[in-house]
Amino acid sequence: MTDKPLRLGTRRSKLAMAQSGLVADAVREATGRPVALVEITTYGDTSREHLARIGGTGVFVTALRDALLRGDVDFAVHSLKDLPTAQPEELVLAAIPRREDPRDALIARDGLALEQLPRGARIGTGSPRRTAQLNAHARAHGLGIETVPIRGNVDTRINFVRDGELDAVVLAAAGLHRLGRGAEVTQYLAPDTVLPAPGQGALAVECPPGPLAEALARLDDPYTRAAVAAERALLATLEAGCSAPVGALADFPDGTQDQAARPNEPARQTTEMRLRGVVGSTDGSALVQLTTTGHVPSTQAEAEALGAELAAEMLAKGAAGLMGERAR
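Keep in mind that what you see is a predicted model, and the values were worked out from it rather than measured. The residue count restarts for each chain, going from 1 along the sequence in the order it is written. Local features are withheld for residues below a pLDDT of 70 in this predicted model, meaning they are given only at 70 or higher, and side-chain atom pairs are given and counted only at 80 or more; totals for whole chains, interfaces and linings count all residues. Side-chain measures here rest on the full set of heavy atoms in the structure, leaving out hydrogens and waters.

1. Considerations on the overall build of the chain
Here is step 1 of the chain: When you go through the chain residue by residue, the secondary structure sums to 10 helices and 13 strands.
Here is step 2 of the chain: If you take every contact in the chain between residues at least 6 apart in sequence, the share linking residues at least 24 apart comes to 72%.
Here is step 3 of the chain: Per-residue and other accessible areas were derived by the Shrake-Rupley procedure at a 1.4 Å probe size, with only the shown protein chains allowed to occlude residues. Entry remark: accessible area of the chain is about 13,900 Å², with carbon and sulfur atoms responsible for 49%. Numbering of helices and strands starts at the N terminus; helices are DSSP runs of H or I of at least 4 residues and strands are runs of E of at least 2. Should any heavy atoms of two residues lie within 4.5 Å, those residues are considered in contact.

This is the structure we're talking about:
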């Protein structure tokens, strides 16, 4: 076998490099090939505009895909929640490795939990999805918090709290774990409080179809693939983009005991997959939140059908109006 390194395209952020490093190690072990990381700057990394104004998290993907199509890199690693639901015909998702913790995490001053924050506390997030659900939770429990839009990498966001500019920030637990910063979490937000983004906590390994895609498929976790296929089908049926106020999580309720932290690590007796979806107005005044359960899908088409069916129910209950409210 050739010793020529496989070129892995990755964003240059600290988190992206950490994620790509994990995949590179797995690829080396699975294929015996050396892997070299190739850093690529995306428009989302250089623009300081709010993500919702520049096309959502999908702006992080285009430059990586262009590099793949030009042949500058052999494969790329994405945060799956950043991927638009439409897949280019020239590329395949060769592997979706086992998912990390999909929950959102609170990092607050003085080690406080969400319910312990004082009235008027300012919580930073760059996500309309988190904003909608945090505001809805605050309304339901009389918390009196204020959500503040922010951008920046993990360090920048946490420093808003360290410097006293904000009382708390909400970040993806998976990213904090991959950066070795899980100890800074003051509370993991239960999915019943804030449902994560479709695909949150999962990585996508993308490349052109062919022998390399077949080799990379050894990294694939079928339970994670089924879960995120259902979540992304829900998003696609709602015709919502990556930055829309949509949350979705597919998990396996009869799987492991540590279900909240590792929903895609089912036990042998797992027979059911549960899918939860939510759409909310960003001020938290209205939510459409539904749940469905079906057998563990044996094909991607079955998983996607589950997501599409739940999305259709959500649309019938007014979800489209809530997503439209965000754009006005």
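That was the structure; now back to the text.
2. Notes on helix α4 (residues 128–141)
Here is step 1 of the chain: Here α4 spans 20 Å end to end across 14 residues, near enough to the 20 Å set by a 1.5 Å rise per residue.
Here is step 2 of the chain: In terms of burial, α4 is a largely internal element, 11 of the 14 residues being buried.
Here is step 3 of the chain: One side-chain oxygen of the residue at the start of α4 lies 3.2 Å from the amide nitrogen of R129, identifying that residue as S127.
Here is step 4 of the chain: Following α4 by one or two positions, G142 has its phi on the positive side, about 60°. Expected helix span is taken as 1.5 Å per residue step, with the number of steps being one fewer than the number of residues. Buried, partly exposed and exposed residues are distinguished by accessible area as a fraction of the type maximum, computed with a 1.4 Å probe on protein chains only: under 20%, between the cut-offs, and over 50%, respectively. Whenever two N or O atoms come within 3.5 Å, that pair is a polar contact, provided that in protein one can donate a hydrogen and the other can accept it, and provided that, for residues adjacent in sequence, both atoms are side-chain atoms.

3. Examining the confidence of the model for the chain
Here is step 1 of the chain: Every residue is assigned a pLDDT by the predictor, reflecting its confidence on a scale from 0 to 100. Overall, the prediction assigns the chain a mean pLDDT of 89, with 87% of residues at 70 or greater.
Here is step 2 of the chain: Confidence drops under pLDDT 50 across residues 50–56; counting only partners more than four residues distant or on other chains, this segment forms 16 contacts.
Here is step 3 of the chain: Per-residue pLDDT stays below 50 along residues 256–261; that stretch engages in 13 contacts with residues further than four places along the chain or on separate chains.

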